[in-house]
Amino acid sequence: MQFLTLNPVISTFYTMKSIEVVAGVIVDGSRIFATQRGYGDQKDGWEFPGGKMEPGETPEQALVRELQEELAVKVNVGEKICTVEYDYPKFHLTMHCFYCTLATGCKPKLLEHEDAKWLDRETLNTVNWLPADVEVVKHL
């Protein structure tokens, strides 16, 4: 999906790239799993793990696949939390967020992230969340 945006300063139209992703809020009791990006423009920012949806995937299917690829875990996808629409400087993000739990015996391995933490509701704001993920934290 492309969004047409009017730039009032120069009065021209341009299209902004649009990306649709999923994110998993992995919970374990009162703890919530957060990951720190290890690459790209948003390197070092904290986020809920997930990634881009592929054509034909449901958000839930994409989340299962992405968390397996990023963390080598099997998850049970639960209730949808929210969908965040956020304009980063280079693209528009649509992020579908779901609660998830780890399958029995699974422990996350960082295959793409540089760090991870289990946080509780009192410590959720102790990391530097990426802007779109700040919106998810507000829902929690």
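Residues numbered from 1 in each chain as written. Predicted model: local features only at pLDDT ≥ 70, side-chain atom pairs only at ≥ 80, totals over all residues. Heavy atoms only, no water.

Some points on the overall build of the protein chain
Logical step 1: Counting its secondary structure elements, the protein chain contains two helices and eight strands.
Logical step 2: Counting helices and strands in the order they occur from the N terminus, the protein chain gives β-β-β-β-β-α-β-β-β-α.
Logical step 3: Its C-alpha atoms give the protein chain a radius of gyration of 16 Å, near enough to 14 Å, the size a compact globule of 140 residues would have.
Logical step 4: Principal-axis analysis of the C-alpha atoms places the extent of the protein chain at approximately 55 × 35 × 25 Å.
Logical step 5: The burial tally for the protein chain puts 41% of its 140 residues in the buried class.
Logical step 6: Entry remark: accessible area of the protein chain is about 7900 Å², with carbon and sulfur atoms responsible for 52%.
Logical step 7: Measuring between centres, the 14 positive side-chain charges of the protein chain sit 3 Å from its 21 negative side-chain charges. (Helix = DSSP H or I, 4+ residues; strand = E, 2+ residues; numbered from the N terminus. Rg over C-alpha atoms; globule rule 2.2 N^0.38 Å. Buried < 20%, exposed > 50% of the residue type's maximum accessible area, 1.4 Å probe, protein only. Areas by Shrake-Rupley, 256 points an atom, 1.4 Å probe, with all protein chains shown as cover. Lys, Arg positive; Asp, Glu negative; His and termini not counted. Charge placed at Lys NZ, Arg CZ, Asp CG, Glu CD.)

A look at the nonpolar core
Logical step 1: Counting 25 residues, the largest nonpolar core has Phe48, Leu93, Met95, Trp129 and Val136 as its most contacted members.
Logical step 2: Put simply, the parts of the chain that give this core at least two residues each are β2 (12-28), β3 (31-37), β6 (75-87), β7 (91-102) and α2 (131-139).
Logical step 3: If sequence neighbours within four positions are ignored, Phe48 has contacts with Ala23, Gly24, Val25, Ile32, Phe33, Thr35, Trp129, Asp133, Val136, Val137 and Leu140.
Logical step 4: Val22, Ala62, Leu63 and Val73 belong to the second-largest nonpolar core, a separate cluster that totals 12 residues. (Core = buried A, V, L, I, M, F, W, Y, C linked by side-chain atoms within 4.5 Å. Contact = heavy atoms within 4.5 Å.)

Re the pattern of salt bridges
Side-chain pairs of opposite charge can arise where the charged atoms are in close proximity.
Logical step 1: Using the criterion set out here, one finds 10 salt bridges in the structure.
Logical step 2: Arg65 is the salt-bridge partner of Glu54, the closest N and O atoms lying 3.6 Å from each other. With Glu54 in the loop between β5 (50-52) and α1 (59-71) and Arg65 in helix α1, this pair connects stretches of sequence that are 11 residues apart.
Logical step 3: For Glu54, a relative accessible area of 41% puts it in the partly exposed group.
Logical step 4: What makes Arg65 buried here is its relative accessible area of 17%. (Salt bridge = Lys/Arg side-chain N within 4 Å of Asp/Glu carboxyl O.)

Here's the deal with α2
Logical step 1: Listed in full, the buried residues belonging to α2 are Ala132, Asp133, Val136 and Val137. Relative to the axis of α2, the buried residues are bounded by an arc of 150 degrees and lie together on one face. (Arc of directions from axis to C-beta.)

Focus: the packing of aromatic side chains
Logical step 1: Under the defined criterion, the tally for this structure stands at four aromatic pairs.
Logical step 2: The lysine or arginine in question, Arg31, covers the ring of Trp118, its NZ or CZ lying 4.3 Å from the ring centre. (Phe/Tyr/Trp six-rings, centres within 6.5 Å; stacked < 30°, edge-to-face > 60°. Lys NZ or Arg CZ within 6 Å of the ring centre and 35° of its normal.)

Concerning the confidence of the model for the protein chain
Do not read the predicted coordinates in detail wherever pLDDT is low.
Logical step 1: Here the protein chain shows a mean pLDDT of 90. Residues at 70 or above account for 90%.
Logical step 2: Under a pLDDT of 50 for its full length, residues 1-12 has, in the predicted model, 21 contacts with residues more than four places off or in other chains. (pLDDT = per-residue confidence, 0-100.)

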